[in-house]
Amino acid sequence: MNGPLTAGEPLAPPPSPGGPSRDRRQPKPAPKKKSPLRWLARLAGALLGLLFIVGVVGAVALYGAYRHFASDLPDVDGLRGYQPKVMSRVYAGDARLMSELAAERRIFVPYTAIPEIVKQAFVSAEDQNYWSHRGVDPVAIARAAFTDFMQMGQGRRPVGASTITQQVAKNMLLDNQLSLSRKIKEAILAMRIEESLTKERILELYLNEIYMGMQSYGVAAAAQAYFNKPLDELNIEEAAFLAALPKAPNNYNPFRYPDAAKARRDWVLDRMVDNRVITAAQAQTAKAQPIIPAQFRRPEPIQGADWFAEEVRRRLIDRFGVDTTTQGGLMVRTSLNPTLQLAAERALHDGMMNYDRKLGGWRGPVSHLDAAQAALRTDWASLLGAVSRPPGMLPDWKLGVVIDATGGEARVGWLERPAGAAPNTASEPKTGALSLSDLGWARPVHDGRLGGSPRRITDVVHPGDVVMIEVAAQQPAAHPQPAKAGRSAEAAPRLERVILRQIPQVQGALVSLDPTTGRIFAMVGGWSFETSQFNRVTQAIRQPGSSFKPIVYLTALEQGISPSQKFLDAPVVIDQGAAGQWRPNNYEMNFSGPVPLRIALEKSLNLVTVRVAERVGMEAVAQNAIAFHVVDNMPRVLPTALGAVDTTVLRMAGAYASLAQGGREVVPTLIDSVQDRDGHVVWRAPGRDCEACDNAAQPPVLADDRKEIADPQSVFQIVTMMQGVVAHGTGYEAGKGMNRPIAGKTGTTQDFNDAWFIGFTPDLVTAVWMGFDTPASLGESETGGKIAAPIWRAYMTTALKDHPVLEFAQPPGVTMARWDTGSGSRIDAFKPDQTPGASGPVGGWSASASSDDIGNANVPAGGVDSGMGGLY
């Protein structure tokens, strides 16, 4: 075996280290048995590696998703100083609530003022882990996911797991879109909110922002809406009911679904037990109580104050904007006097109805019930109940149906709720008598013309006619007649007397204010705010007619012309060539020759007024009209001296207030002050500041720093002359029986389209206007002195009832003297250089007067016999 090995020959085993080599093979050891755990370990390692990879990829994906959804999210820092949308409130001068201005009806309540039982009820119902989670509740999410999986395919809305913080994020920073992306954004924002705000602040926002149904936002508004009580008066079961509402306010409305509302409330009570807010015994006691809702009743509105409130709303929007006005929680104090407002509305309504009865005629019933006579007599109440109340019908009027009509009387039925009964109390049927003797005014109207007075009751109404009526006040008999023998005293009771009513077609306006401050006490902008929100005090552009003349005469007095100076009352004709002639005329179409200025104003003589205006110059007249805020600008032509300018009722009232104040500028105001939600005064009417009022050491001194816009002596002269208008002239109807100094002026425009009376005492100014919205004649001879002055007197009689009789303040330097006017003696004010009763050369017509002084645009077609403005 010393030679070389051949291929394939096996190697000899090495010699044994302990002895000689043996020529034999050793047996191979047995292979080791593989453990099954080894494969499990490998599988686990693979899974861990896979999970790691998935985790890394998932983390990257989640981070990318987070960046994607978080990139355009709103900033939550704004919630720290967030101010919820809170309604603004407007109060009358006597602190009564007049109106609420709101986009959302919400009453904000700070966290510390919310009762603990209310807080805990909402936490128990909406987010039991609220105080422990950080914006998102994983346990609630898992529970909701499992429930949604089990309900898959059943068509049900997914169960939510939103925390209170998430709901704040959704309600205040996001929209209500139902999507996964919104839920992700909601969760991100919730966690951010929790980092920025305290739990208390978050809960405060939630409880004031959440929608609770019944047009209420927040728990305080909901307590009013459902129980008509403040938040701090709620008991356990009521607090639990409010906490039941956020899930579905409309579905748990106790007025509509009392059973569903109670079931949900009881569920909330159980959650409150789980959270150890109340005991099981308290929950059982609360569950035994039914839900007794009491719908919120706002304070009775101030009758007739709608136009005033709407004008206040418009002015607030002009000054503060829509959002602040309706969402800024403003407290607005106004000058409205509810007593005077009611008196103003009644006086204007009575005046419009009197005019309508005189010239309007009977325009027919509201509706007609087509029913057989027998059915009408037995079922009239149910038939009448289906007829809608016509808009514009006054609160004191009733809707009645004519049951039968024979001879001189008709029997009328109406439905009336018992006095003092709740609004949901059923009305009771009543009947009364409509007498022909009360219907002399109800002449039929045919093709715009009035027919003759009715001779039979059926000339006016027929069975089945639905008409507006007013129950007449009962007059007790002076000498009750004893019952005849054999007849019961209770037999055949006499029917109540009813009066037929209809809504006038004519419109009117009245405004009354304090001349010292400009504070408006009453404003009525028409017949009914329900039918027309157009405010004819502030929005109707009308011509003032002869009520403009005091501006012309004041201009003359300021130029030194005396009240006794005579002007010629004679025809004036200006040739306009192809346009015709301008011939202003007096209302009575007569001429008096030389007339003192005083008498010309009393009689409202147009021809004298034109001559006065031509004498003093229309530029001076225009400057006075602008200074007194009658107009912002006006043509410098003679027809405007007769009131052919465009203005408003409120502007004219303000101008007359400046006269009452001796030529001091008076700016009418409706709002006294405005406070923000924190009570800070953000606006106050000019002239109401009192810097020294906080100084207790000395009484405050109120300086009159109002602008002087006219000479006080001249103003006192015109005021004295205007007292003659009321005492002896065209305004006599206004002052009849009032027995106090009153100054004023009537106004009637061309073709009797507008009727005015504006008058004042030293402490109250009132302007009245009547006309049609589309200018049309009120009727021949229907002047301001005839139809507007009586309305003024009716209102002022009530308004001045408890006022002392005051004289107009006489400025230094004028002398009061009696003189003979030729039409009787008068007392007037004269300046130091004027002689009472004296007159210079009679004021005539300037030779330089031409067509340029009247303006072609102001002359109507033909131009002949045109008054061009004031008539009377």
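Residues numbered from 1 in each chain as written. Predicted model: local features only at pLDDT ≥ 70, side-chain atom pairs only at ≥ 80, totals over all residues. Heavy atoms only, no water.

**Here we look at the nonpolar core**
Just so we agree on the cut-off: What we call a nonpolar core is a set of buried Ala, Val, Leu, Ile, Met, Phe, Trp, Tyr and Cys residues that are connected through their side-chain atoms within 4.5 Å. Each residue's exposure class comes from its accessible area (1.4 Å probe, protein chains only) as a fraction of the maximum for that residue type: buried when under 20%, exposed when over 50%, partly exposed otherwise. By the criteria applied, helices consist of DSSP H or I runs no shorter than four residues and strands consist of E runs no shorter than two, each listed in order from the N terminus. Contact between two residues is taken to exist if any of their heavy atoms lie within 4.5 Å; hydrogens are not considered.
Within the largest apolar cluster, 87 residues are counted, with the highest numbers of intra-cluster contacts made by Phe548, Tyr553, Phe628, Val630, Leu659, Ile718 and Phe760. The dominant element in this core, judged by the number of residues it contributes, is helix 19 (residues 649–660), at nine residues. Once you skip the residues sitting within four places of it in the chain, Ile718 turns out to touch Pro550, Tyr553, Leu554, Leu557, Leu601 and Leu659. Counting residues in hydrophobic clusters, the runner-up holds 52 residues, among them Phe122, Leu205, Ile210 and Leu242.

**A word on the environment of Arg443**
Quick note on the threshold: Distance and chemistry together define a polar contact, namely a pair of N or O atoms within 3.5 Å, with one atom able to donate a hydrogen and the other to accept it when in protein, and with adjacent residues in sequence counting only for side-chain atoms on both sides.
Residue placement: Arg443 occurs in the loop between strand 9 (428–435) and strand 10 (445–446). For Arg443, a relative accessible area of 21% gives the class partly exposed. In terms of polar contacts, Arg443 uses its side chain to reach the backbone carbonyl oxygen of Lys358, at 2.7 Å.

**Quick look at the sheet that holds strand 21 (residues 681–684)**
Formally: Being paired, for any two strands, means DSSP has found at least two bridges between them. Interaxial angle, 0 to 180 degrees, is taken between N-to-C directions of lines fitted to C-alpha atoms, where a helix line uses only the stretch in contact.
If you trace the five strands from one edge of the open sheet to the other, you get 2-1-5-20-21, paired in mixed fashion. Each edge of the sheet is formed by a strand with only one pairing partner; in this case those strands are strand 2 (97–101) and strand 21. On average, each strand axis in the sheet is inclined to that of its neighbour by 15°, with strand direction left out of account. Relative to strand 21, strand 20 (residues 671–675) runs antiparallel, the two sharing three bridges.

**Structural notes on the pairing of strand 15 (residues 520–524)**
Burial analysis of strand 15 places five of its five residues in the buried class, which makes it a mostly covered element. With four bridges joining them, strand 14 (residues 507–513) and strand 15 adopt antiparallel strand pairing. Of the residues in strand 15, the one forming a bridge with Leu513 is Ile520. Where strand 14 folds back onto strand 15 in an antiparallel hairpin, the turn is made up of six residues, including Gly518, whose phi is positive at roughly 85°.

**Let's talk about the pattern of salt bridges**
Defined as follows: Here a salt bridge means any side-chain nitrogen of Lys or Arg lying within 4 Å of a carboxyl oxygen belonging to Asp or Glu.
This structure, assessed with the given rule, holds 35 salt bridges. For Arg314, the salt bridge identified is with Glu311, shortest N-O distance 2.6 Å. Of this pair, Arg314 and Glu311 both sit in helix 11 (residues 306–320), three residues apart, which is roughly one turn of that helix. You can call Arg314 partly exposed: its relative accessible area is 21%.

**Quick word on the pairing of strand 20**
Of all five residues in strand 20, five are buried, a share of seventy percent or more. Taken together, the four bridges between strand 5 (residues 331–334) and strand 20 define a ladder with antiparallel strand orientation. In the strand pairing of strand 20, Thr334 is matched with Ile671. Taken together, strand 20 and the strand that follows it, strand 21, pair antiparallel across an intervening segment of five residues, in which Gly679 is found at a positive phi of about 90°.

**Some words on the packing of helix 15 (residues 549–558) against helix 17 (residues 606–616)**
Threshold: Working rule for angles: under 35 degrees goes down as roughly parallel, over 145 as roughly antiparallel, 65 to 115 as roughly perpendicular, anything else as oblique. What makes a crossing left-handed is the near helix being turned counterclockwise from the far one by less than a right angle; a clockwise turn instead makes it right-handed. Each residue is assigned to one of three groups, with Ala, Val, Leu, Ile, Met, Phe, Trp, Tyr, Cys and Pro labelled nonpolar, Asp, Glu, Lys and Arg labelled charged, and all others, Gly among them, labelled polar.
Interaxial distance between helix 15 and helix 17 falls to 9 Å at its minimum, and their mutual angle equals 45°. Considering their axes alone, helix 15 and helix 17 lie oblique with respect to each other. The handedness of the crossing between helix 15 and helix 17 is left-handed. Taken together, the residues of helix 17 that come into contact with helix 15 (itself represented by Lys549, Val552, Tyr553, Thr555 and Ala556) are Asn606, Val608, Thr609, Val612, Ala613 and Val616. Grouping the constituent residues of the contact of helix 15 with helix 17 by class yields seven nonpolar, three polar and one charged.

**Remarks on a nonpolar patch on the surface**
Put simply, the rule reads: For patches, a residue must show more than 30% relative accessible area and have no salt bridge; joins then use 9 Å for like charges and 5 Å for nonpolar side chains, namely Val, Leu, Ile, Met, Phe, Trp and Tyr. A 1.4 Å probe and the Shrake-Rupley method give the accessible areas. Residues count as covered only by the protein chains that appear here.
Together, Leu40, Leu43, Leu47, Leu50 and Val54 line one region of the surface with nonpolar side chains, adding up to about 470 Å² of accessible area. As for its placement among the helices and strands, Leu40 is situated in helix 1 (residues 36–70).

**Overview of the environment of Tyr217**
Locating Tyr217 in the fold gives a position in strand 4 (residues 216–217). Through-space distance from the C-alpha of Tyr217 to that of Lys85 is 9.4 Å; in sequence the pair is 132 residues apart. Excluding residues that lie within four positions of it along the chain, Tyr217 makes contacts with Glu104, Arg105, Arg106, Ile107, Asn208, Glu209, Ile210 and Tyr211.

By themselves, these observations are geometric and do not establish any function.
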